[in-house]
2 protein chains.
Amino acid sequence: MVFYLVGLGLGDVKDITVNGLDAVKKASRVYLESYTSILCYGLDKSQLEEFYGREVIDADRTCVEQNSDEILEGAHKEDVVLLVVGDPFGATTHTDLVLRAREKNIPVRVMHNASIMNACACSGLQLYRFGETVSIVMWSDEWQPESFYERIAANRERGLHTLCLLDIKTKEQSIDNMMKGRKIYEPPRYLTASAAAKQLITIAERIVERGETPAYTEDSTVVALARVGWENQKIVYCTLSQLAEVDMGDPLHSLIIPGETHPLEDEMLTTFPRQ
Amino acid sequence: MVFYLVGLGLGDVKDITVNGLDAVKKASRVYLESYTSILCYGLDKSQLEEFYGREVIDADRTCVEQNSDEILEGAHKEDVVLLVVGDPFGATTHTDLVLRAREKNIPVRVMHNASIMNACACSGLQLYRFGETVSIVMWSDEWQPESFYERIAANRERGLHTLCLLDIKTKEQSIDNMMKGRKIYEPPRYLTASAAAKQLITIAERIVERGETPAYTEDSTVVALARVGWENQKIVYCTLSQLAEVDMGDPLHSLIIPGETHPLEDEMLTTFPRQ
């Protein structure tokens, strides 16, 4: 039969496609890739189970990466579904699962859906004017990498917009729990748009201190997006220093650093509030 | 009430989301943006009407661009839906419509869906390793622009993949019909992956003739994609000169020129046939 990778899109339980829902309903087993869903989705498994009227099996990243055999078991004879937030190919993990399925001669079918990679166009910035996407990691006192900066600068140089995905940390263990081998996890954390703005300003300041010109300043205008695709999505268009003080609310957040903009893009950007 | 922009995704009538379908069912009027749908979707309005059990009004690009008042009429008091192939923000036209709705204080709600801009990750190439997207125009004997080449080269220089969207021509008039003011249109035409490969090879040859080194050669490997998201989607991984001879079948086609690839990307690419 078929191994289905079904995208859940960005919003609520009903942002699955009708084809995706059909696959869920007729499958023998339905897994939920829960690593990203914990935060990105704001939904728990029980809401999905209620909407589908069937059991959904929790599959965290470890399970997806290490126990692909378990997920794919029996998929020759019956349909198996793995639900993934956004589009199924958002994470390399799923590419790997497709490869394992093909090795076993199990047909794979992908039900695509929206992901932040295309839905960020709700900012009014045109997708074909985006350069390389960057991931901004959450800084700690000890660890403040700046590797993403070079890619933002390279995009800006070519007049391109940069979509910045913001770090999420799930299933972290405290050192104490890790030492004692207790599988107790800290509450999930995510990088907010305002914290990301502060990090970006710090990087620009360090570059100025070195006597160089940064690719942006604290006065550069950026777009912050929160909960794209939800009823309560929020989009703010302001300077980096203003964004550092804005509370975008619940996760997930992301950030766009525009390059050169066209008049229609500008017209759309100015419809968004500054806080 | 609400003006809904509903993405239809890439596949068949059932690739609409459940939320999107709900909006269609309760709206007073449902428009279909038919400019792109003619070719991209492989579906006609009647199939949508049958699936929804209601009338769908044809709105070609001219109508969407020039008669936004007509589409938005009454949207204060009742729900109006505009169906768009892929994701609603794939074209600037829809950004403009959102602006017109906001001017009229009509609430706008977007139902995102998959588009080629994120679904191209089915190639196994990771989205965050893509640079700027380019559009390859269909050459004629008289008009052979190469403007997209510089952007492919800039992406390659940074090791980034390039998604190439291939030209579609709909609602073209013959010179005779245009002169006589007859609204008779030629059958839609689209740039095939093999024709695009030939154009790309010609550009590389011209660069070699000028004594320069092109960003790719006819021996560079590329990924051709046809009908992404359909049951009969086809993905081919081969050299540009091989692709020039491959028939990818019905539209729409697109092309990816990979940059530097990671081992997992390579592993996925080699699962695709060479023709």
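Residues numbered from 1 in each chain as written. Chains lettered and ligands numbered in written order. Predicted model: local features only at pLDDT ≥ 70, side-chain atom pairs only at ≥ 80, totals over all residues. Heavy atoms only, no water.

Quick look at the overall build of chain A now. In terms of helices and strands, chain A carries 12 helices and 12 strands. Whereas a compact globule of 275 residues would reach a radius of gyration of roughly 19 Å, chain A reaches 20 Å, a difference of no more than 12%. Principal-axis analysis of the C-alpha atoms places the extent of chain A at approximately 65 × 50 × 35 Å. Here chain A holds 275 residues, and the buried ones make up 57% of them. For chain A, the share of sequence-separated contacts (at least 6 apart) that also reach a separation of at least 24 residues comes to 74%. Here chain A displays about 11,700 Å² of accessible surface, and carbon together with sulfur accounts for 48% of that area. Between the averaged position of the 28 positive side-chain charges in chain A and that of its 42 negative side-chain charges there is a distance of 4 Å. (Helix = DSSP H or I, 4+ residues; strand = E, 2+ residues; numbered from the N terminus. Rg over C-alpha atoms; globule rule 2.2 N^0.38 Å. Buried < 20%, exposed > 50% of the residue type's maximum accessible area, 1.4 Å probe, protein only. Contact = heavy atoms within 4.5 Å. Areas by Shrake-Rupley, 256 points an atom, 1.4 Å probe, with all protein chains shown as cover. Lys, Arg positive; Asp, Glu negative; His and termini not counted. Charge placed at Lys NZ, Arg CZ, Asp CG, Glu CD.)

Moving on: empty space enclosed by the protein. Counted according to the given criterion, the structure contains three cavities of 30 Å³ or more. Taken as a whole, the largest cavity encloses approximately 220 Å³ of empty space. Along its surface, the largest cavity is lined by 14 residues, and Met117, Leu127 and Phe130 of chain A together with Met117 and Thr133 of chain B are the ones closest to its centre. Split into classes, the residues belonging to the lining of the largest cavity amount to 10 nonpolar, four polar and no charged. Taken as a whole, the second largest cavity encloses approximately 90 Å³ of empty space. In terms of lining, the second largest cavity is formed by Gly9, Leu10, Gly11, Asp15, Asn113, Ala114 and Gly229 of chain A together with Asn19, Arg109, Val110, Met111 and His112 of chain B. The biggest single contributor to the lining of the second largest cavity is strand β5 (residues 108–111) of chain B, with three residues. Across the lining of the second largest cavity, the residue classes break down as four nonpolar, six polar and two charged. (1 Å grid on protein atoms, 1.4 Å probe; cavity = no way out; pocket = protein on both sides within 12 Å on 5 of 7 lines; lining within 4 Å. Points joined across faces, edges and corners; volume = space filled by probe spheres on them. Nonpolar A, V, L, I, M, F, W, Y, C, P; charged D, E, K, R; others polar.)

Turning next to the sheet that holds strand β12 (residues 253–257) of chain B. Residues and elements named next belong to chain B. Spatially, the five strands line up as an open sheet ordered β6-β7-β12-β10-β11, and their pairing is mixed. Taken across any chain shown, the strands that pair with only one partner, and hence form the sheet edges, are β6 (134–136) and β11 (234–239). Ignoring which end each strand starts from, the neighbouring axes of this sheet average 25° apart. Where β6 meets strand β7 (residues 162–166), three bridges bridge the pair, whose relative direction is parallel. Of the residues in β7, the one forming a bridge with Ser135 is Leu165. Each of β6, β7, β10 (221–226) and β12 is contacted by helix α10 (residues 193–209), which is oriented at about 40° to β12, the strand it contacts most. (Pairing = 2+ DSSP bridges. Axes fitted to C-alpha atoms, helices over the stretch in contact; angles between N-to-C directions.)

Within this structure's numbering, the places UniProt gives as "binding site: S-adenosyl-L-methionine" (unreviewed entry) are Leu10, Asp87, Gly90, Ser115, Ile116, Leu166, Val228 and His253 of chain A. As for the second largest cavity, its lining draws on Leu10 of chain A from among the annotated residues. For Asp87 of chain A, the position within the fold is in the loop between β4 (80–84) and α6 (92–103). The buried category is assigned to Asp87 of chain A, whose relative accessible area is 3%. In this view, Asp87 of chain A contacts His112, Asn113, Ala114 and Ser115 of chain A together with Asn118 of chain B; residues no more than four positions away in its chain are not counted. (UniProt positions renumbered as here; feature names shortened; annotations may be inferred.)

Another aspect to go through is the interface of chain A and chain B. Listed as interface residues are 54 residues of chain A and, on the opposing side, 55 residues of chain B. Joining chain A to chain B, the criterion identifies 10 salt bridges. Notably, a salt bridge pairs Arg158 of chain A with Glu132 of chain B, separated by 3.1 Å at the nearest N-O pair. At the level of elements, α1 (18–26), α6, α7 (116–119), α8 (147–157) and α12 (263–269) of chain A are the ones that each hand at least two residues to the side of chain A that touches chain B. Per-element tally for the side of chain A that touches chain B: the top contributor is α6 of chain A, with eight residues. Tallied by class, the residues present in the side of chain A that touches chain B amount to 23 nonpolar, 15 polar and 16 charged. (Salt bridge = Lys/Arg side-chain N within 4 Å of Asp/Glu carboxyl O.)

With that settled, consider the packing of α8 of chain A against helix α10 (residues 193–209) of chain A. Two measures define how a pair of helices packs: the angle their axes make with one another and the distance between the axes. Residues and elements named next belong to chain A. Direction vectors running N to C along α8 and α10 enclose 80°, while the axes themselves pass 11 Å from each other. Between α8 and α10, the angle is such that the two are roughly perpendicular. Contact with α8, carried on its side by Phe148, Tyr149 and Ile152, involves Gln199, Leu200, Ile203 and Ile207 of α10 and no other residues of that element. Counted by class, the contact of α8 with α10 contains six nonpolar, one polar and no charged residues. (Parallel < 35°, antiparallel > 145°, perpendicular 65-115°, else oblique.)

When chain A is fitted to chain B, the best match, at an RMSD of 0.0 Å, comes from turning it 180° and sliding it 0.0 Å along the axis. Both copies of the chain, as the preceding transformation shows, are related through a two-fold rotation axis. (Least-squares fit on C-alpha atoms with pLDDT ≥ 70 in both.)

Another aspect to go through is the sheet that holds strand β3 (residues 57–59) of chain B. Residues and elements named next belong to chain B. With parallel pairing, the five strands of this open sheet are ordered in space as β3-β2-β4-β1-β5. Because the sheet does not close on itself, it has two edges, and the strands there are β3 and β5. Shown here is a sheet whose adjacent strand axes are inclined to one another by a mean of 25°, direction ignored. Against the sheet, helix α6 (residues 92–103) engages β1 (3–7), β2 (29–33), β4 (80–84) and β5, with an angle of about 165° to β1.

Further remarks concern the side chain of Thr162 of chain A. Its location among the elements puts Thr162 of chain A in strand β7 (residues 162–166). At a separation of 3.0 Å, a polar atom in the side chain of Thr162 of chain A contacts the side chain of Asn155 of chain A. (Polar contact = N/O pair within 3.5 Å; in protein donor to acceptor, adjacent residues only side chain to side chain.)

The next point concerns the side chain of Thr239 of chain A. Residue and element names in this part refer to chain A. Its place among the elements puts Thr239 in strand β11 (residues 234–239). Owing to a relative accessible area of 13%, Thr239 belongs among the buried residues under this scheme. Sequence-distant contacts of Thr239, defined by excluding residues within four places in its chain, comprise Glu218, Asp219, Ser220, Thr221, Val222 and Arg274.

Once that is clear, we can look at a negative patch on the surface. On the surface, Glu205, Glu209, Glu218 and Asp219 of chain A cluster together into a negatively charged patch. With respect to the helices and strands, Glu205 of chain A occurs in helix α10. (Patch = residues over 30% accessible without salt bridge, like charges linked within 9 Å, V, L, I, M, F, W, Y side chains within 5 Å.)

Here we take up the nonpolar core. Counting residues in each nonpolar core, the largest one holds 78 residues, and the members touching the most others are Phe3 of chain A together with Phe3 of chain B. If we ignore the near neighbours within four places in the chain, the residues touching Phe3 of chain B are Ile71, Leu72, Val80, Leu82, Leu97, Ala101, Ile106, Pro107, Val108 and Arg109 of chain B. (Core = buried A, V, L, I, M, F, W, Y, C linked by side-chain atoms within 4.5 Å.)

One pass over the structure, following the stated rule, counts 32 salt bridges over all chains. Close ionic contact of Lys14 of chain B with Asp22 of chain A constitutes a salt bridge, the shortest N to O distance being 2.5 Å. Linking Lys14 of chain B in the loop between β1 and α1 (18–26) with Asp22 of chain A in helix α1, this pair reaches from one chain into another. Judged by relative accessible area, Asp22 of chain A falls into the partly exposed class, the value being 30%. Of the charged contacts, one joins Glu78 of chain A and Arg29 of chain A as a salt bridge, the two residues approaching to 3.3 Å between their closest N and O atoms. Placement of Glu78 of chain A in the loop between α5 (68–72) and β4 and of Arg29 of chain A in strand β2 (residues 29–33) is noted, with a sequence separation of 49 residues between them. The partly exposed category is assigned to Glu78 of chain A, whose relative accessible area is 29%.

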